[in-house]
Amino acid sequence: MVEPGVEAAPTAEQADPYATALAQFDAAADRLGLDEGMRQYLRTCRRELIVNLPVRMDDGSTVVFFGCRVQHNLARGPGKGGIRFHPSVTLNEVKALATWMTWKCAVVKIPFGGAKGGVKVDPKKLSLRELENLSRRYAAAIGPVIGPDLDVPAPDVGTDPRIMAWIMDAYSSAQGRWTPAVVTGKPIAVFGTEGRVAATGSGILHVVREAARHHGLSLDGATVAVQGFGNAGQWSARLLARQGCRVVAVSDTSGGIYSGRGLDVEAAIAQKLESNRVTDYAGADRTTNEDLLTLPVDVLVPAAFENQITGANAADVKAKIIAEAANGPTTPEADEILGDAGIFVIPDILASAGGVVVSYFEWAQNRAGLFWREEDVDNRLREVMTSAYHDVQGLAERDKITMREAATVLGVSRVVEAAELRGMRP
Ligand code: NAD
């Protein structure tokens, strides 16, 4: 979601997210007893395209922006993964995100491989025209490696449905034919799907509901804190509140707000949309992003960036359940500490899969020339998320491992199966 007027997000320090992704993979590979060749194959991104994008700015100057598109693995289908516009984008971050997408698509059993893209830019500092120029330049530059059967981008941090419409238009113009299935997360008016905007939050709701049931926790009155208040955070907060949860704290780059009685989530969202600072919301105490993570809540939803729960603060986390809407919010060191403390972590490659599942529905509708009703999208998403949750929990219980280990083992094993059946091609 592009948000004018707020400073760039504080970037996470320490761990290289790609090192985190590889450490998680290595643990799963050990568990699965993968041979050296398969390990090498899955530790390597299949394609890393770097593009340098000259963009004409409103003042007549030209600025060259760094961008990339990474396809980690295509054994299970075309690449799938969002496009991030953020000043902290690096190739290694995008490689990590692409790797997690491979496992995520496999965990929820949708027919895609893993990919991700990014441009190092603060979109909030661009005019609308500059943003469109940049988006179209990026679409043209990655055009040769994307397509409905090749790699299908979607929104991520700093991008939104409008940018997806520009990318679809640029790609369709270059091809000389209407190609809506090249990108998902489009506005409904140009072959987007019902339910996509809420999808990541809906996915969070489904996995939290199942985890709460498993722990004998009623969602009615359960306390929730949400870090990050963009697409993923707002919809997670909204849908959990509609289930009866008491959302006591939310935050964005301006800081956090807290109310022990529970926030009026709709009012907080309205405030965020109006001034782009959730901290302008009246009638709540202020908190910080750091303190929010350590509140004594039933459910914590990190929905901002990588590396938020680290070795430095994990011991202070008091939530019973963590549902990772963000990709890579927890470092391996923190994972161990949370595991020892008995905190139930629903990992990103399961918890945040709602977005890519509905992206798959959008792609499938585009290819069939159909529109599904919102109710159909919601029902199918619930089915996919609930079943994936139980696949992961079943494996975690059987092998006495964490939910993250189980999800990674499941995702990796499905990719291995496809790669072996195909002979590791393409
Ligand atoms: P977004 O751009 O819509 O929102 C990001 C929000 O996080 C903004 O409100 C920003 O102010 C806030 N933020 C940034 N850094 C922060 C920090 N350190 N502390 C607190 N708040 C901070 O992005 P989004 O699409 O909601 O994505 C958020 C996370 O969810 C990312 O990790 C993304 O990869 C992941 N995710 C998104 C989707 C999706 O469909 N949008 C799907 C799966 C996963």
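Reading guide: rules and limits
- Residues numbered from 1 in each chain as written.
- Predicted model: local features only at pLDDT ≥ 70, side-chain atom pairs only at ≥ 80, totals over all residues.
- Heavy atoms only, no water.
- Domains from an automatic or database assignment.
- Contact = heavy atoms within 4.5 Å.
- Buried area = accessible area lost by both parts, 1.4 Å probe.
- Salt bridge = Lys/Arg side-chain N within 4 Å of Asp/Glu carboxyl O.
- Helix = DSSP H or I, 4+ residues; strand = E, 2+ residues; numbered from the N terminus.
- Nonpolar A, V, L, I, M, F, W, Y, C, P; charged D, E, K, R; others polar.
- Pairing = 2+ DSSP bridges.
- Axes fitted to C-alpha atoms, helices over the stretch in contact; angles between N-to-C directions.
- Patch = residues over 30% accessible without salt bridge, like charges linked within 9 Å, V, L, I, M, F, W, Y side chains within 5 Å.
- Areas by Shrake-Rupley, 256 points an atom, 1.4 Å probe, with all protein chains shown as cover.
- Lys, Arg positive; Asp, Glu negative; His and termini not counted.
- Charge placed at Lys NZ, Arg CZ, Asp CG, Glu CD.
- Near = heavy atom within 4 Å.
- Polar contact = N/O pair within 3.5 Å; in protein donor to acceptor, adjacent residues only side chain to side chain.
- Buried < 20%, exposed > 50% of the residue type's maximum accessible area, 1.4 Å probe, protein only.
- Arc of directions from axis to C-beta.

Focus on the domain arrangement of the protein chain
Per the domain assignment, the segments of the protein chain are domain 1 (45-183) and domain 2 (199-351). Inter-centroid distance (C-alpha atoms) of domain 1 to domain 2 is 27 Å. Listed per partner, the contact involves 12 residues of domain 1 and 8 residues of domain 2. Looking only at domain 1, the three residues that lose the most surface to domain 2 are Trp100, Lys104 and Val107, adding up to 49% of its buried area. Seen at the junction of domain 1 and domain 2, the total is 1 salt bridge. Here Glu306 makes a salt bridge to Arg84, at a shortest N to O gap of 2.8 Å. Put simply, the parts of the chain that give the side of domain 1 that touches domain 2 at least two residues each are strand E3 (79-86) and helix H3 (91-107). A per-element tally of the side of domain 1 that touches domain 2 places H3 first, with 6 residues. Split by residue class, the side of domain 1 that touches domain 2 holds 5 nonpolar, 2 polar and 5 charged.

Some thoughts on the sheet that holds strand E12 (residues 344-346)
Across the sheet, which stays open at both edges, the 7 strands sit in the order E9-E8-E7-E6-E10-E11-E12 with mixed pairing between neighbours. In the strand order of this sheet, the two ends are held by strand E9 (285-287) and E12, each with one partner. Sheet twist, expressed as the average angle between the axes of neighbouring strands with direction ignored, equals 20°. The pairing of strand E6 (residues 223-227) with strand E10 (residues 299-302) spans 4 bridges and is parallel. By the bridge assignment, Val224 is partnered in E10 with Val299. Packed on one face of the sheet, helix H6 (residues 199-214) meets E10, strand E11 (321-323) and E12 and runs near 155° to E12.

A closer look at a negative patch on the surface
On the surface, a cluster of negative charge is made up of Asp35, Glu36, Glu417 and Glu420. Within the element layout of this structure, Asp35 appears in the loop between helix H1 (17-32) and helix H2 (36-43).

Describing the site of the ligand
In the region of the ligand, 30 residues are neighbours, and Asp156, Thr200, Ala232, Asn289 and Asn327 sit closest. One nitrogen or oxygen atom from the main chain of Asn231 is found 2.9 Å from an oxygen atom belonging to the ligand. Asn289 is positioned with one of its side-chain polar atoms (N or O) 3.1 Å from a nitrogen atom of the ligand. Calculation on the ligand without its partners gives an accessible area of 830 Å², and the protein chains cover 95% of this total. Mapped by element, the contributors of at least two residues to the shell around the ligand are helix H7 (231-242) and strand E7 (246-252). When the residues that make up the shell around the ligand are grouped by side-chain class, the tally is 11 nonpolar, 12 polar and 7 charged.

A short note on helix H8 (residues 265-275)
Those residues of H8 lying buried are Val265, Ala268, Ile269, Gln271 and Lys272. Here the buried residues of H8 occupy an arc of 160° about the axis, which is enough to place them on one side. H8 presents Leu273 and Glu274 as exposed residues on the side facing more than 90 degrees away from its buried surface. Where H8 is buried, its residues meet H7, E7 and strand E8 (255-258). Backbone nitrogen of Glu266 and a side-chain oxygen of the N-cap are separated by 3.2 Å at the start of H8; the cap is Asp264. Where H8 terminates, the next one or two residues include Asn276, which has phi positive at roughly 65°.

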